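# Survey of secondary and tertiary structure
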Amino acid sequence: MKFEFVNIPQLGIARGGRRAAKPQYNPEKRYVFHYDVREHLIQPHVVKFSGGRSSGMLLLALLNGGVLRADRGDVVVFNNTSAEHPATYDFAARLKKITEQEYGIPFFWTEFQTYEDAVNGDWVRLPSYRLVNARPYSDKNPDGYHSGGEVFEELISWKKFLPNQFKRICTAEMKLFVTKEFLRDWFARKPSIDRLGHYYEHSMQDNETITRLHKRNGGATPDNILLQKTAYVRSRPTFRPHQEYATFSELSGKVNNSDLDGKQRGGRVALEGDHCVDYAAFVGFRGDEPARLARMKARNYDRVELDNGGDPHIAAPEGEYVYAPLADMGITKEDVFAFWRENKKHDLRLPHQVNFSNCVFCFLKGSGNLVDNIASREKVEKRLPKKFQSRPDTPADIAWWANIEQKYGRDLRREGRTINSETAGENPIVGFWGMNGKLSYKQLAESRCKPEKLSIIREENAALPCDCTD
Ligand code: SF4
């Protein structure tokens, strides 16, 4: 099958040398991709595909420019949160096909998952990931991707609290952690990833262990609430199966990079320390996102997350060096839209005006975008083919978020806490926007049919930087 694209940014490779000053993008012009350090040319390249249009344009520019090579260990990774819009899954599946069939570069979809194992004599749930194929999960396709919020809820139920702007456990675990774990296996150049977890047919965790360990770790949630919150993760698979890369990408056996030799320890590689694997990562940040770029550059040079007391479990790997070629070319959001307008046949099947990319109702999108998403979802979806229409009670529906917030938010009254009634209001749930946040998903869901309420809510929470989105 031939995939025809027009106006893909023309990206050639320079083996060192200086970057040009930030240009104004011109699709007619040829751009040269400069490595900041010559050694990066021989290191594996990892493209972090987020599911959005900028990411898709970046991927095509890298493929078309010959920047990626399968024998070097280059790979494209998409971390599925199970909270994307159906059209995003379709877009990611089409780009996987193009990447692999047309350009011979492996493209993997991954998902966060937990598994049960014994640690110091207790059965606990530990975090990991699995590979999934680009078709929906079903009994007939158990390796398929999830799209009903299963992955997201498993994470929250395992953590026992909701993500918020200060603790973005969703990005940290479902994206950063999963990518790191995947690369530790991928760079080891084995044909498969190992089974994790015990061999019993049922969960070995009991209520007593859950409540005892919670208290031992300083937790104060009453037992009944704790057991309710952990019920979902305990219902999830107890093990991660042995998985062959070839099942998920036929191109997985092509790596032949001596730079990866001698790095394996215990069947995996390290991404930190003296023997870590160094690699070049590519993200779809654009030229009109200076704040995100500044954070990325700081990561490259200072590793600020760790210096500021960040969690080493999720901080940027020591050997990772991030490039943002779209930003280097001066590509803006408008340029990305123009590119996809020219390539309509391959575009994400969602209107440019809506912000459904990444988790559809992400709490960091800001109330204005959330209100717009609520108002436009039905209208937009009516015009989409049936397979791109979202199902009720999945993360493409605001009701799913309202339910998750009620289920996993901290209900201070139920927990028997002292409540400052002035600030707590009638519904003292510590939700995605915190206790005193003026916003909740319940409020958003209830105001669906009341435009006057929506316009008040619209003003209340600005969008916050979320490096998941593009
Ligand atoms: S898009 Fe938002 S909700 Fe989804 S993982 Fe990123 S920060 Fe979390």
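Think of each chain on its own: its residues are numbered from 1, step by step along the sequence as written. The predicted origin of the model limits local features to residues at a pLDDT of at least 70 and limits the giving and counting of side-chain atom pairs to 80 or more, whereas totals for whole chains, interfaces and linings rest on all residues. Calculated side-chain values reflect all of the structure's heavy atoms, with hydrogen atoms and water omitted.

### Section: the overall build of the protein chain
- Put simply, DSSP marks the helices as runs of H or I at least four residues long and the strands as runs of E at least two long, and each gets a number from the N terminus on. Broken down by element type, the protein chain carries 16 helices and 15 strands.
- The buried label goes to any residue with under 20% of its type's maximum accessible area, the exposed label to any with over 50%, and the partly exposed label to all in between, with areas taken from a 1.4 Å probe on protein chains only. The 470 residues of the protein chain split such that 54% are buried.
- Within the protein chain, counting contacts between residues at least 6 apart in sequence, those at least 24 apart form 72% of the total.
- For every accessible area listed, the method is Shrake-Rupley and the probe measures 1.4 Å; residues are considered covered only by the protein chains on display. Total accessible area on the protein chain stands at roughly 21500 Å², and carbon and sulfur atoms take up 49% of it. Contacts were defined at the residue level, with two residues in contact if any of their heavy atoms lie within 4.5 Å.

### Quick notes on the sheet that holds strand S7 (residues 144-145)
- Two strands qualify as a pair provided DSSP detects at least 2 bridges between them. The sheet built from 7 strands is open, its strands ordered S7-S6-S5-S4-S3-S12-S13 with mixed pairing. The two strands at the open ends of the sheet, each matched to only one other strand, are S7 and strand S13 (320-323).
- Relative to strand S6 (residues 122-136), strand S5 (residues 107-119) runs antiparallel, the two being bridged by 11 bridges. Note that in S6 the partner of Glu111 across the bridge is Arg130.

### A look at the nonpolar core
- Core analysis: the largest hydrophobic core is formed by 114 residues, its most contacted members being Phe182, Phe187 and Tyr441.
- In terms of domain composition, this core takes at least three residues from each of domain 1 (10-341) and domain 2 (355-458). Residues grouped as a nonpolar core are buried Ala, Val, Leu, Ile, Met, Phe, Trp, Tyr and Cys residues, joined through side-chain atoms within 4.5 Å. Residue ranges assigned to the domains are those given by an automatic or database domain assignment.

### With respect to the packing of aromatic side chains
- Between rings of Phe, Tyr and Trp, where Trp is taken as its six-membered ring, a pair exists when centres lie within 6.5 Å; planes separated by under 30 degrees are stacked, by over 60 edge-to-face, and by other angles tilted. Across all of its chains, the model carries 33 aromatic pairs by this definition.
- Through pairs of rings, three or more aromatic residues link up here, namely Phe49, Phe78, Tyr89, Phe91, Phe107, Trp109, Tyr145, Phe339 and Trp340.
- Here, a charge over a ring means that NZ of Lys or CZ of Arg falls within 6 Å of the ring centre while also lying within 35 degrees of the ring normal. The aromatic ring of Tyr199 is capped on one face by Arg195, whose charged end is 3.8 Å from the ring centroid.
- One cation-aromatic arrangement involves Arg240 over Tyr129; the distance from NZ or CZ to the ring centre is 5.1 Å.

### A word on the pattern of salt bridges
- Any carboxyl oxygen of Asp or Glu that lies within 4 Å of a side-chain nitrogen of Lys or Arg is treated as forming a salt bridge with it. Throughout the structure, instances matching the rule amount to 28 salt bridges.
- Notably, a salt bridge pairs Asp71 with Arg69, separated by 3.1 Å at the nearest N-O pair.
- Between Arg286 and Glu289 there is a salt bridge; the shortest N-O distance is 3.6 Å.
- Overall, the relative accessible area of 7% leaves Arg286 in the buried class.
- Overlapping salt bridges, with partners in common, bring together Glu181, Arg184, Asp185 and Arg268 in one network.

### As for the packing of helix H1 (residues 53-64) against helix H2 (residues 86-103)
- Contact pair H1 / H2: the axes reach a minimum separation of 11 Å and the direction vectors enclose 5 degrees. Between H1 and H2, the crossing angle belongs to the class labelled roughly parallel. Residues Arg53, Gly56, Leu59, Leu60, Leu63 and Asn64 of H1 form the contact with H2, whose own contacting residues are Phe91, Leu95, Ile98, Thr99 and Tyr103.
- The nonpolar class holds Ala, Val, Leu, Ile, Met, Phe, Trp, Tyr, Cys and Pro. Asp, Glu, Lys and Arg form the charged class, and all remaining residues, Gly among them, are polar. For the contact of H1 with H2, the per-class residue count stands at 7 nonpolar, 3 polar and 1 charged. All axes here are fitted lines through C-alpha atoms, helices being fitted over the stretch that makes contact, and every angle between N-to-C directions spans 0 to 180 degrees. In this scheme, roughly parallel covers angles under 35 degrees and roughly antiparallel covers those over 145, while 65 to 115 is roughly perpendicular and the rest are oblique.

### With respect to unusual backbone geometry
- At Asn120, a position not held by glycine, the phi torsion is positive, near 50 degrees.
- Looking at the element boundaries, Asn120 is found in the loop between S5 and S6.
- In this structure Asn120 comes out as exposed when scored by relative accessible area, which is 76%.
- Of note, the phi angle at Asn358 is positive, near 55 degrees, even though the residue is not glycine.
- Secondary-structure assignment places Asn358 in the loop between helix H11 (333-342) and helix H12 (366-382).

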